[in-house]
Amino acid sequence: MTGLQPSTAPAVQVSEEVARAVADGRPVVALESTIFTHGLPRPRNLAVALEAEQRLRAAGVVPATIGVHAGVPTVGLSTGQITELSAAEGLDKVSLRDLPVVAAFGRHGGTTVAATAFLAHRAGVRVFSTGGLGGVHFGASESFDESADMTTLAATPVTVISAGVKSILDIRATLERFETYNVPVIGYRTRKYPGFYVTDSGHEINFSVDSPEQAARVIECRDRLALPQAVLIANPVDPAKQLPPEELDGILARARAEAERQGVTGNASTPFLLDFIQRDTGGRSLEVNVEVYRGNVRLGGEIATALAVGAAGAAGASPGVPSGAPSDASGAAPAVAAETGA
């Protein structure tokens, strides 16, 4: 697809299901698309994407898988669209800076944390579950290689559930950056910051919550203060399912050395390093990746439900009773187009 997108196309398409759930105050969880467009091999990618949606629905939560389909940023991709994107070749990996370009040229794309968080907020979706966040790469003091996830989350009041930042990153520098950007990093039942493939990255964080309700209270207080930044909930993988930390250290050293030998830098470094880890572990890292995602999707659903219950209680109603659009402080944004079909 190379032609320019018609100017009549909506800036952001929101599925009817998601739009109604947001308007009714029901729990909704945003899910990114790069996990199935770029992060997992076929056919596992489609199975994981559909499973995440099914698990949320079983818990009474509306899934809002986000991606770019034929140039239209979409919140609440249909099963057919997810299937199409999961099988497409040469898809763009779409960060926030790329959204207007892929929209203008009508291209398909998988959205990163940055683009997904932005689009979720545009649609009024308050909770977003992902695997791992982007952050500061080693050597960034010279290369300036830092993820746009951080700057976007500093200005986007969503709640992101992740298993920390990707293990290939400079975690200490990333946590310092989040502090500079005033982004709260809160452990879920831990003050040991997770390292994606491992439960404990070796870095302490200042705060933790012990329940979805406590997490919801933090989010509600952020919104009452009308603060612009995200709340990050760090949810570690089950220790029994992590990669052995000492093994991961050796793998990361070999992966970085190979990337340097091949001259892999910039946007290409993350997929190269993650692919190296998968091959070096004989696919075991892939299983950890899936377990990480499942845990974050589950917790995202629980926090979204706690938020919906709290909002309904404050309004003296039951979750699901329409009470109007959310206020700006609670995640509302400029109006977007809702689908009129199924």
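Up top is the structure.
Below: a short report on this structure.

Calculation notes
- Residues numbered from 1 in each chain as written.
- Predicted model: local features only at pLDDT ≥ 70, side-chain atom pairs only at ≥ 80, totals over all residues.
- Heavy atoms only, no water.
- Helix = DSSP H or I, 4+ residues; strand = E, 2+ residues; numbered from the N terminus.
- Areas by Shrake-Rupley, 256 points an atom, 1.4 Å probe, with all protein chains shown as cover.
- Buried < 20%, exposed > 50% of the residue type's maximum accessible area, 1.4 Å probe, protein only.
- Contact = heavy atoms within 4.5 Å.
- Salt bridge = Lys/Arg side-chain N within 4 Å of Asp/Glu carboxyl O.
- Phe/Tyr/Trp six-rings, centres within 6.5 Å; stacked < 30°, edge-to-face > 60°.
- Core = buried A, V, L, I, M, F, W, Y, C linked by side-chain atoms within 4.5 Å.
- Pairing = 2+ DSSP bridges.
- Polar contact = N/O pair within 3.5 Å; in protein donor to acceptor, adjacent residues only side chain to side chain.
- Axes fitted to C-alpha atoms, helices over the stretch in contact; angles between N-to-C directions.
- Parallel < 35°, antiparallel > 145°, perpendicular 65-115°, else oblique.
- Left-handed = near helix turned anticlockwise from the far one by under 90°.
- Expected span 1.5 Å × (residues − 1).

1. Here's the deal with the overall build of the protein chain
Okay, so step 1: Counting its regular elements, the protein chain contains 13 helices and 14 strands.
Okay, so step 2: Of the roughly 14800 Å² of accessible surface on the protein chain, a fraction of 54% belongs to carbon and sulfur atoms.

2. As for the environment of Ser95
Okay, so step 1: Counting through the fold element by element, Ser95 comes out in the loop between β5 (92–94) and α5 (99–104).
Okay, so step 2: On the accessibility criterion, Ser95 (13% relative accessible area) is buried.
Okay, so step 3: With 18 residues separating them along the chain, Ser95 and Val113 place their C-alpha atoms 7.5 Å apart.
Okay, so step 4: Beyond its immediate stretch of four places on either side in the chain, Ser95 contacts Thr112, Ala114, Ala115 and Ala148.

3. Details of the pattern of salt bridges
Okay, so step 1: Counted by the stated rule, this structure contains 19 salt bridges.
Okay, so step 2: In this structure, the salt-bridge partner of Glu17 is Arg57, at a minimum N-O distance of 2.5 Å. Residue Glu17 is located in helix α1 (residues 16–24), and its partner Arg57 is located in helix α3 (residues 44–58); the two are separated by 40 residues in the primary sequence.
Okay, so step 3: When its relative accessible area of 42% is taken as the criterion, Arg57 is described as partly exposed.
Okay, so step 4: The residue Arg254 makes a salt bridge to Asp280 at a minimum N-O spacing of 2.6 Å.

4. Re the packing of aromatic side chains
Okay, so step 1: Applying the stated criterion across every chain yields a total of one aromatic pair.
Okay, so step 2: Ring centres 4.8 Å apart and planes at 70° place the aromatic pair Phe196 and Tyr197 in the edge-to-face group.
Okay, so step 3: For Phe196, a relative accessible area of 5% corresponds to the buried category.
Okay, so step 4: The exposure class of Tyr197 is buried, given its relative accessible area of 3%.

5. Quick word on the nonpolar core
Okay, so step 1: Judged by nonpolar contacts, the single largest core of 61 residues is most densely connected at Val18, Val75, Val125, Leu153 and Leu232.
Okay, so step 2: Sequence-distant contacts of Val125, that is, excluding residues within four places in its chain, are made with Val18, Val22, Val28, Val29, Ala30, Val75, Ala120 and Val158.
Okay, so step 3: Core analysis: the second largest hydrophobic core is formed by 33 residues, Ile35, Val127, Ile186 and Ala306 among them.

6. Observations regarding the pairing of strand β2 (residues 28–31)
Okay, so step 1: Alternating positions in β2 separate into two faces, Val28 and Ala30 on one and Val29 and Leu31 on the other, with burial throughout.
Okay, so step 2: The sheet contact formed by β2 and strand β3 (residues 62–69) spans four bridges and is parallel. Along β3, the bridge assignment pairs Leu31 with Thr65.
Okay, so step 3: In terms of strand pairing, β2 meets strand β7 (residues 127–129) through three bridges, oriented parallel. Within the sheet, the bridge partner assigned to Leu31 lies in β7 and is Ser129.

7. Some words on the side chain of His69
Okay, so step 1: Here His69 lies in strand β3.
Okay, so step 2: Within polar-contact distance, the side chain of His69 engages the side chain of Glu84 at 2.8 Å.
Okay, so step 3: Apart from the residues lying within four places of it in its own chain, the contact partners of His69 are Thr74, Leu77, Gln81, Glu84, Leu85, Arg107 and His108.

8. Quick look at the packing of helix α11 (residues 245–262) against helix α12 (residues 269–280)
Okay, so step 1: Where α11 contacts α12, the axes come no closer than 9 Å and their chain directions differ by 130°. Here α12 runs oblique to α11, going by the angle between their axes. Relative to α12, α11 is oriented so that their crossing is right-handed. Between α11 and α12, the residues in contact are Ile251, Leu252, Arg254, Ala255, Arg256, Glu258, Ala259 and Gln262 and Phe272, Leu273, Phe276, Ile277 and Asp280, respectively.

9. Focus on α11
Okay, so step 1: The end-to-end C-alpha distance of α11, which contains 18 residues, comes to 26 Å, matching closely the 26 Å that a straight helix rising 1.5 Å per residue would cover.
Okay, so step 2: Here the buried face of α11 lies against β11 (198–204) and α12.
Okay, so step 3: Phi turns positive one or two residues past the end of α11, at Gly263, with a value near 70°.

Remember, this is a structural readout, not a statement about activity or role.
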